[in-house]
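Observations on chain architecture
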Amino acid sequence: MTGAGAPVAIGVDVGSTTCKAVVVDRAGAILRHRVEPTHPRTEQQTTRILDELRLAVGCELPIGATGYGRKRVPGATKVLTEITCHARGAFSRVKRAVVLVDMGGQDTKIVRIGPGGDVADFAMNDKCAAGTGRFLEVILGRLQVPFDEVSAHVARARRSVPVSSTCTVFAESEVISLVAQGEELEGILRGLHESLAKRVAALAGVLPADARIVMSGGVALNAAMVDALGAALRREVSVLPDPQLVGALGAALSAS
Amino acid sequence: MRSAYVQRQREEHGRKSIVVLPVHYPKEILTAMDVLAVELWGPPGAPRGPEAGRLQAYVCAVVRNALAFLAGGHADVVDAALFPHTCDSVQGLATLVTDFGGWSKPSFVFQHPKGPTRASVRKYLVAELRSLADGLATLTGRPLDVAELRAAIRLHRTIDEVKTRILEGRGRLATSDRELYATLRRGEWLWPEEHLEELRVLERQLPEAGAPARKGVPLFVTGYVPEPMSILDALDEVGAYVARDDWAAIGRRVVTPARALDLEGDPFETLAALYYEAPQCPTRSLDQAGRLQRLLALYDQSGARGVIVHEPKFCEPEAFDVPAIRKAFGERGVPLLYLETELETELAGQTTTRLEAFVEMVGARRVA
Amino acid sequence: MSSTRRRVEYEIVKRLVGPALMQVDHAQRRVKSLRKRAAKPAGPFGPPLESVRKLKELMTRHYLEGRYADGAVPVAWVTSGFPVEVLRPLGYHAVYPENHAALCGVQRVVPHLSEATEEVGYARDLCSYARTDIGSVMLQETPVGRLPKPDLLCCCTNICQTVLYWYRSLAAHFQVPLVLIDPPFVYGEAKPHHRQFVRDQLDELLVVAARVAKRRAPSMDEIVGVTKLAREGTRLWGECLAESRNKPAPWTGIDGFFHIAPIVTLRGTAECNAYYRQLRDELRHRVAQGIGGVREEKHRLLWDNLPIWFDVRGMSTLLAEHGFNFVCTSYTNAWAEAGSRIDPADPLGSAVFAYTDIILNQDLGKRFGTLARLAEEYSCDGAVLHSDRSCKPYSIGQLDLKQRLAKQLDIKVMVLEADHGDPRAYAVEQGHGRLTAFMESFS
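Reference entry: report on the structure contained in this document. (Residues numbered from 1 in each chain as written. Chains lettered and ligands numbered in written order. Predicted model: local features only at pLDDT ≥ 70, side-chain atom pairs only at ≥ 80, totals over all residues. Heavy atoms only, no water.)

1. Here we look at empty space enclosed by the protein
Counting across every chain of the model gives 11 cavities of 30 Å³ or more. Estimated volume of the largest cavity: approximately 630 Å³. Looking at the largest cavity, it is lined by 30 residues, and the ones nearest its centre are Tyr25(B), Lys27(B), Glu28(B), Arg253(B) and Val255(B). For the lining of the largest cavity, the secondary-structure elements that each account for two or more residues are α2 (27-32), α5 (119-140), α6 (146-168) and α10 (267-277) of chain B. The greatest single-element share of the lining of the largest cavity, amounting to five residues, is contributed by α6(B). Here the lining of the largest cavity is composed, by residue class, of 16 nonpolar, four polar and 10 charged. Here the second largest cavity is characterised by a volume of approximately 160 Å³. In this structure, the second largest cavity is lined by 21 residues; those nearest its centre are Cys87(B), Ser89(B), Phe314(B), Glu316(B) and Pro317(B). Only α3 (61-71), α4 (88-99) and α12 (316-319) of chain B together with α6 (162-174) and α16 (392-395) of chain C provide two or more residues apiece to the lining of the second largest cavity. Looking at the lining of the second largest cavity, the element that brings in the most residues is α4(B), giving three residues. A class-by-class count of the residues in the lining of the second largest cavity yields 13 nonpolar, five polar and three charged. (1 Å grid on protein atoms, 1.4 Å probe; cavity = no way out; pocket = protein on both sides within 12 Å on 5 of 7 lines; lining within 4 Å. Points joined across faces, edges and corners; volume = space filled by probe spheres on them. Helix = DSSP H or I, 4+ residues; strand = E, 2+ residues; numbered from the N terminus. Nonpolar A, V, L, I, M, F, W, Y, C, P; charged D, E, K, R; others polar.)

2. Some points on the interface of chain C and chain B
Tallying the contact residues gives 49 residues for chain C and 48 residues for chain B. Taken together, both faces of the contact between chain C and chain B bury some 4,500 Å²; the carbon and sulfur share is 59%. There are five salt bridges connecting chain C and chain B. Our count for the contact surface shared by chain C and chain B stands at 26 residue pairs in polar contact (both at pLDDT 80 or more). Among the elements of the structure, α5 (128-139), α6, β4 (178-181), α7 (192-213), α15 (364-377), β7 (382-388), α16 and α17 (398-409) of chain C are those that each provide at least two residues to the side of chain C that touches chain B. (Contact = heavy atoms within 4.5 Å. Buried area = accessible area lost by both parts, 1.4 Å probe. Salt bridge = Lys/Arg side-chain N within 4 Å of Asp/Glu carboxyl O. Polar contact = N/O pair within 3.5 Å; in protein donor to acceptor, adjacent residues only side chain to side chain.)

3. Some points on the environment of Arg70(A)
Looking at where Arg70(A) falls in the secondary structure, it is placed in the loop between β4 (63-67) and β5 (78-79). Excluding residues that lie within four positions of it along the chain, Arg70(A) makes contacts with Ala65(A), Val79(A), Leu80(A), Thr81(A), Glu82(A), Thr353(B) and Glu356(B).

4. A short note on the interface of chain C and chain A
If you look at the interface, chain C gives 12 residues, while chain A gives 13 residues. When the two sides are added together, the surface that chain C and chain A hide from each other amounts to roughly 1,000 Å², 51% of it contributed by carbon and sulfur. Here chain C is connected to chain A by one residue pair in polar contact (both at pLDDT 80 or more). Taken together, the elements giving at least two residues each to the side of chain C that touches chain A come down to α4 (110-119) and α18 (428-440) of chain C. For the side of chain C that touches chain A, the element with the most residues is α4(C), which contributes three residues. Considered class by class, the residues forming the side of chain C that touches chain A number five nonpolar, one polar and six charged.

5. Looking at the sheet that holds strand β2 (residues 18-25) of chain A
Residues and elements named next belong to chain A. Strand order in this open sheet of five strands is β3-β2-β1-β4-β5, and the pairing throughout is mixed. Two strands bound the open sheet, and with one partner strand each, they are β3 (30-37) and β5. Sheet analysis places β4 next to β5, joined by two bridges and oriented parallel. For Ala65, the partnering residue across the bridge sits in β5 and is Val79. Contacting β1 (7-14), β2, β3, β4 and β5, helix α8 (residues 246-255) crosses the sheet at an angle of about 135 degrees to β1. (Pairing = 2+ DSSP bridges. Axes fitted to C-alpha atoms, helices over the stretch in contact; angles between N-to-C directions.)

6. Here we look at unusual backbone geometry
A cis amide bond links Pro22(B) with the next residue in sequence, Val23(B), at an omega value of 5 degrees. Position of Val23(B) relative to the elements: it lies in the loop between β1 (16-20) and α2. Pro248(C) follows Lys247(C) through a cis peptide bond whose omega is -5 degrees. In this fold, Pro248(C) is placed in the loop between α8 (220-242) and α9 (253-259). Its identity as a non-glycine residue notwithstanding, Asn305(C) has a phi of 95 degrees, on the positive side. Tracing the backbone through its elements, the reader meets Asn305(C) in the loop between β5 (299-304) and α12 (312-321).

7. Re the sheet that holds strand β7 (residues 307-312) of chain B
All names here are of chain B. Ordered by their spatial adjacency, four strands build an open sheet running β6-β5-β7-β8, and the pairing between neighbours is parallel. The two strands at the open ends of the sheet, each matched to only one other strand, are β6 (240-247) and β8 (336-341). Averaged over all pairs of adjacent strands, the angle between their axes in this sheet comes to 25 degrees, without regard to strand direction. Bridging between β7 and β8 involves six bridges; their strand directions are parallel. Across the sheet, the residue bridging to Glu311 is Glu340, located in β8. The strands touched by helix α11 (residues 288-302) within the sheet are β5 (217-223), β6 and β7, with β6 carrying the most contacts at an inclination of about 155 degrees.

8. Examining the pairing of β1(A)
Within a regular strand, the side chains alternate between the two sheet faces. Residues and elements named next belong to chain A. Within β1, seven of the eight residues are buried, which leaves the element mostly enclosed by the surrounding structure. Direction of pairing for β1 relative to β2: antiparallel, over a ladder of seven bridges. Its bridge partner being in β2, Val12 is matched across the sheet by Ala21. Linking β1 back to β2 in an antiparallel pair, the connection comprises three residues. Where β1 lies against β4, five bridges are found, and the strand directions are parallel. Bridge assignment links Asp13 to a residue of β4, and that residue is Thr66. (Buried < 20%, exposed > 50% of the residue type's maximum accessible area, 1.4 Å probe, protein only.)

9. Details of the packing of α5(B) against α10(B)
Residue and element names in this part refer to chain B. Direction vectors running N to C along α5 and α10 enclose 125 degrees, while the axes themselves pass 9 Å from each other. Taken together, the axes of α5 and α10 are oblique relative to one another. Judged by the twist between their axes, the crossing of α5 over α10 is right-handed. Between α5 and α10, the residues in contact are Val121, Arg122, Leu125, Val126, Leu129, Arg130 and Ala133 and Phe268, Glu269, Leu271, Ala272, Ala273, Tyr275 and Tyr276, respectively. Of the residues assigned to the contact of α5 with α10, the class counts are 11 nonpolar, no polar and three charged. (Parallel < 35°, antiparallel > 145°, perpendicular 65-115°, else oblique. Left-handed = near helix turned anticlockwise from the far one by under 90°.)

Here it is in structure tokens:
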């Protein structure tokens, strides 16, 4: 860990699917991190993770908490929503005005970050899972395609098979009937990604002509989704480093 | 609580009562005829009974819950029901419960016209108001007394004047949003004179004009009804408050006429004139630009720093104006949050997050 | 471009280009049909209707003329239940956004157009007709080439209140006047002051429409002339539908969804009536010959609510394969019934009744009466009530209507959840599965 500074803060992002924690230095470099599936007993889980991290760095640090379980993080010194934290985390990496698309398990967020790192505007999907990672997860599960193979499948598609339903339940049955009709799996997967990307683009609304798009969240690890989103938004989309940790990073920076 | 109140009103004052669906109706006529209005905005929460299943899931919760409530006998304490012509769904509910079961007591409709600025409207409205009064006379057993209607109009004018002072002075009033709106909403079922007394108590707490504004991030809200009320708590918790509102149930029903009304002439004409003076509401307006102007003016007066557009899901009259509202505020660089709720009793975690993030965003702007 | 030049172009298209194009199309089809020998049963259906060609010609010309209409003649965008008879003598070209959206539905471009609408903040829960047309205006895209810009927006709330909100947004967008006819919903019987209100609004409409068209108000003779045509057209349309009381029905209810276009968009014109005369004669001929809309008609169904435009073909095939036909639909019937009250002796006075007492502006008791009467007149042994996510006024009450229809008429009834325009709100496989199960219950 040469070049890294002293640890200054811990950030915890308790999401609906995974719980993320980071230790950062003054410059915002991530010194240590943890990613685990979220446990129903959030207090116990976060207490344990925090204890481990404190032990590892050997000192007490201010703690920033975010994510849907943010109010159940014992000892948190700063509690902020994931919108604000994702914006801080993303801005510390790009240091310019961008539009952040964060696709997590249950939520998809679009955050317009101003030139000073402020949140200029944001949008989130409604209660329905239609535009979220959950949508993909359900259908990939049904098709028995592992998450880490999906990009390769989509890349092999000779054409896209349109999937019109965006409701998770409808799309599932539509996909099954497409398979039954003998459509190739790769094409269906591509169609599915395009359909989801369109839904996210609708959420984003009308973007300024010069807007730069960056992506975070677990879904950003799926290259096919990044491509589909770029096509739907008609812009290049770049993925932030450690896309899953951006929220926790922002929480840590807010606490420091 | 309301049933007991209705019961007491009957026993102590011999008052008939009538359950009223949202939004606009001539309450003055009811007051003049000694009829207690009990408004039914849902009620919030899960539908009270299986009858909600008689309506599809894409009908708004206000109407589905009302169906379950009426058909489940929860409003049987009142003597009749009144359905204003608010939208297709309330209109459909009126025929559904009366023709297909769910409400067997008398029911009345008030078919207020759309597009108030048209010449044909005034004549029709006066006739419709008289027709409603004639209908209610069959319930009360005596015709409307014109002098009593004039008195009722004066009473409700006074109520609106006090409400206006409270709402305009909101920024100086220390009361929490939850308390303020609870009091304002008690007007949905209290006898108007009692409601006025409670409002006066609030008014007395108003500091002098020029007193320092209360702490917190002031917001402007437009929408339908402040449900769940826990929205107000959520805002309070993160240091924000509603500086002015255009909720259909609250601020949008407070009429402040731009010109003096004739309170001595034909009171039905006075009521029609009030209809012209009423704030623009998407359930009856033809003029989108006029509505936007009013919203922007209210926003400016309120000193708010952000807008929340708070709509019930599936509410067509409200939803069609949302893009124009977004655009109008967007062009002026005003932060705006669109919030959709379904008459749930508690806010979903995700909704709380959105509210909090919005306040974080608006709050950070002042510092910047 | 000068309005005179626009006018000349418009007249050329109307009188020469349109008909010429149709001639070419006719010739091409004749050659094709010589090769193929038409009038054979097509799959599970009876032989196709000859009139379809004429229908296509009429509608193509209507939209083609529309492309050249603005700047040449006054243009009005009009809701389907609007008293258009008042506009025709003033030379208006009437655009029917609902018909346009239906066409977009058939062509499956609704998701694309609607996405543009959703992007600026229109909720996806709103009527898909409105989302489609607003999207079409925003993107300036349409399958018909181009829609002329309106000089006047004409909205009548006898079909829904949605049109009020929708046209209010259009008025803000186009910055043109909006006239409203707001016939109060009829619970029981309409009260005299309700009727008077509609009458007063019609008088206001005459003034505004004339002012926008920059013409003097139409004379009573002119209005009577159009009213006669409208009434005749309505009667003819009713006769076409009534032919399906025969067994087998000479066409399918789903054919009816397409053939309704002229009575909606060209009501009060001679060409509309000529078309329905031809269609009626063809249907009568088929009845005489014993030709059915489906090849083997086993069961006769009633359809309630708008069509599922993007699935009409798929659904009609599914039904025909099982020997089922929608011999009657409350939707197509509405246009035969409303106009029957038009009286040329008192055009405006009768319009009050014609445009107030329509199925969607009346209480559910009357709606039930209409459905029950239709089911009997057309000898239906079942009914499908389309619960249309995009049309609340038509769908509210259907779950009760279902119970009552099944009980009082002793027929099988199902409710089908779908949408009239947006395929994203409907799972075709599931819908067809339900319909199939429903049909299986008849054996």
